[in-house]
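So you can see what is in the structure, the chains are spelled out below.
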Amino acid sequence: GNMVEWCLPQDIDLEGVEFKSMASGSHKIQSDFIYFRKGLCFGLACFANMPVESELERGARMKSVGILSPSYTLLYRYMHFLENQVRHQLEMPGHYSHLEAFYDDKKGVLPDSKGAPTSQQPVHWLPSIHRYMYPEMKITHPAGCMSQFIKFFGEQILVLWKFALLRKRILIFSPPPVGVVCYRVYCCCCLANVSLPGLGGTVPESKPFFYVNVADIEMLETEVSYVACTTEKIFEEKRDLYDVYVDNQNVKTHHEHLQPLLKINNADKEKYRRLNDQRQMLMYSQEVGEDCSSCEEDLFILFFMEQNNRIFQTLMEVSASQDKTLTADHARGMGLDPQGDRSFLMDLLEVYGIDVMLVIDNPCCT
């Protein structure tokens, strides 16, 4: 089995981290990276696999070198260092001087178990587009992360968007390598950003758990909302652990009342078309050299944030009105399909505790 070979500080609780930092099934690949959650901390580990002529090691030496931090947003900055170090550890096992120097240079005070400080700092909204998102969501990642997400899921991102906004438990399955799947977890969380003040203090946060395995089952049983990924197919059978299961591009749910949300309606198609139009305009403006400051990540996050803000702004205005009646015109104004998004709207009102009466008739045969 996996074991922790070396760590600093030596008194830190790392129980289970040896399985979080090396995805199940990794022995079949040469290298990978992996994001995970450990208590209040987030981790990034780089994995590598090297053939060796050793019976004791069964012909292969596999190691992961990782770091823990209270926030995942800047972990990617150290990806290159970790990749170099895991290679170094494979070739020269037991030489930890570079890791010791790195720890001495970067070490900080880790949060205590009572919860302060955490990665969820207060959000201060600034008008600048580059600061227009949750600081904890502004992850440093390779260019093209969002672009790959959109190309991979296509119109299905609108289905994921609804589930993310409803704070459902979303589990993404994929065989290794798992690094790119960890980015899908991040992108999924970005779909649910809302910047309206005073909204949903009772609503559970959308938690990126990144990679999870069977050792995390007990923890996942207590979670009401999360987005995570796994390489372990056994999770599909454990339906009480998730609401939405994503197998490659196939998004499914075993909850009957959520089934209508899997259908792409006309309003979804229109949103997807608008998103692609905006991306094309951004690419064109970058080509002709007019705009080098905006990036696709900002466009993607702002697109969904503005969509979410429009929905909640309307719902709050209706709930503050005298008759509290939400009509088909309101739904269209929010960019939703009055019929196709009816069950989504009803779930939204319930999850966020918004006091509104829905008077959109369901079409029925006469």
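Relevant structure appears above.
These numbers come from a predicted model, not from an experiment.

Caption draft 1: Inspection of the overall build of the protein chain at higher detail. Of regular secondary structure, the protein chain possesses eleven helices and ten strands. Across the protein chain, every contact between residues at least 6 apart in sequence was considered, and the portion connecting residues at least 24 apart equals 65%.

Caption draft 2: Just the nonpolar core, in detail. I157, F300, F312 and L315 are the most contacted members of the largest nonpolar core, which totals 93 residues. Broken down by element, this core gets its largest block of residues, ten residues, from helix α9 (residues 296–320). Residues from two domains meet in this core; each of domain 1 (17–99) and domain 2 (137–314) gives at least three. Apart from the residues within four sequence positions on either side, F300 is in contact with M146, F149, I150, I157, C187, C190 and L191. Counting twelve residues, the second-largest nonpolar core is a separate cluster that includes V212, A228, F235 and Y242.

Caption draft 3: Seen up close, helix α4 (residues 145–153). If you check which residues of α4 are buried, you get C145, M146, S147, F149, I150 and F153. The secondary structure elements touched by the buried residues of α4 are α5 (156–165), α6 (179–190), β7 (244–247), α8 (266–287) and α9. Where α4 ends, the next residue or the one after it, G154, has phi of about 55°, a positive value.

Caption draft 4: Broad picture of the pairing of strand β8 (residues 250–253). In β8, alternate side chains face the same way, and those of V251 and T253 are buried while those of N250 and K252 on the opposite face are not. When β7 meets β8, the two strands line up antiparallel, connected through four bridges. Bridge pairing links V244 to T253 in β8. Counting the residues between successive antiparallel strands, the hairpin from β7 to β8 contains two residues, one of them, N248, with a positive phi of roughly 55°.

Caption draft 5: Representation of the pattern of salt bridges. Across all of its chains, the model carries 16 salt bridges by this definition. Of the charged contacts in the structure, one is a salt bridge between R273 and D277, with a shortest N-O distance of 2.6 Å. Here D277 and R273 lie together in helix α8, a separation of four residues that amounts to about one turn. By relative accessible area, which is 37% here, D277 ends up partly exposed. As a salt-bridge pair, R279 and E296 come within 2.5 Å of each other at their nearest N and O atoms. Taken together, the residues R279 in helix α8 and E296 in helix α9 connect sequence positions 17 residues apart. Considered together, R279 and E296 belong to a single accessibility category, that of buried residues. Shared partners join several salt bridges into a network, and the residues in it are K233, E236, D247 and K252.

Caption draft 6: The arrangement of the side chain of N265 in detail. The topology assignment puts N265 in the loop between β8 and α8. For N265, a relative accessible area of 9% puts it in the buried group. Within the structure, the side chain of N265 is placed 3.0 Å from the side chain of D341, a separation counted as a polar contact. If we ignore the near neighbours within four places in the chain, the residues touching N265 are K162, D337, G340 and D341.

Caption draft 7: Looking closely at the packing of aromatic side chains. In the structure shown here, the tally under the stated rule is 21 aromatic pairs. Ring geometry for F33 and Y35: centres 6.4 Å apart, planes at 85°, overall edge-to-face. Take F33: its relative accessible area is 17%, and that puts it in the buried class. When its relative accessible area of 1% is taken as the criterion, Y35 is described as buried. Ring centres of F149 and F300 lie 5.9 Å apart, and the angle between their planes is 80°; this geometry places the pair in the edge-to-face category. In this pair, F149 sits in helix α4 while F300 sits in helix α9, placing the two residues 151 residues apart along the sequence. In this structure an aromatic cluster arises from ring pairing among F149, F152, F153, W161, F300, F303, F304 and F344. For the cation-ring pair, R37 lies above F209, with the distance from its terminal atom to the ring centre recorded as 4.8 Å.

Caption draft 8: Representation of unusual backbone geometry in the model. Here the bond from L8 into P9 is cis, since omega is -10°, no more than 30 degrees from zero. Residue position: P9 is located in the segment before α1 (17–20). Going from P176 to P177, the amide bond is cis rather than trans, its omega being 5°. By the element assignment, P177 lies in the loop between β4 (169–173) and α6. In this model, R167 sits at a positive phi of 60°, which is unusual for a non-glycine residue. Tracing the chain through its elements places R167 in the loop between α5 and β4. Classification of R167 as buried rests on a relative accessible area of 13%.

Caption draft 9: Fine view of the environment of W161. Within the secondary structure, W161 sits in helix α5. Residue W161 is classed as buried on the basis of its relative accessible area of 0%. Residues W161 and F304 lie 143 residues apart in sequence; the distance between their C-alpha atoms is 8.3 Å.

Basis of the calculations
- Residues numbered from 1 in each chain as written.
- Predicted model: local features only at pLDDT ≥ 70, side-chain atom pairs only at ≥ 80, totals over all residues.
- Heavy atoms only, no water.
- Helix = DSSP H or I, 4+ residues; strand = E, 2+ residues; numbered from the N terminus.
- Contact = heavy atoms within 4.5 Å.
- Core = buried A, V, L, I, M, F, W, Y, C linked by side-chain atoms within 4.5 Å.
- Buried < 20%, exposed > 50% of the residue type's maximum accessible area, 1.4 Å probe, protein only.
- Domains from an automatic or database assignment.
- Pairing = 2+ DSSP bridges.
- Salt bridge = Lys/Arg side-chain N within 4 Å of Asp/Glu carboxyl O.
- Polar contact = N/O pair within 3.5 Å; in protein donor to acceptor, adjacent residues only side chain to side chain.
- Phe/Tyr/Trp six-rings, centres within 6.5 Å; stacked < 30°, edge-to-face > 60°.
- Lys NZ or Arg CZ within 6 Å of the ring centre and 35° of its normal.

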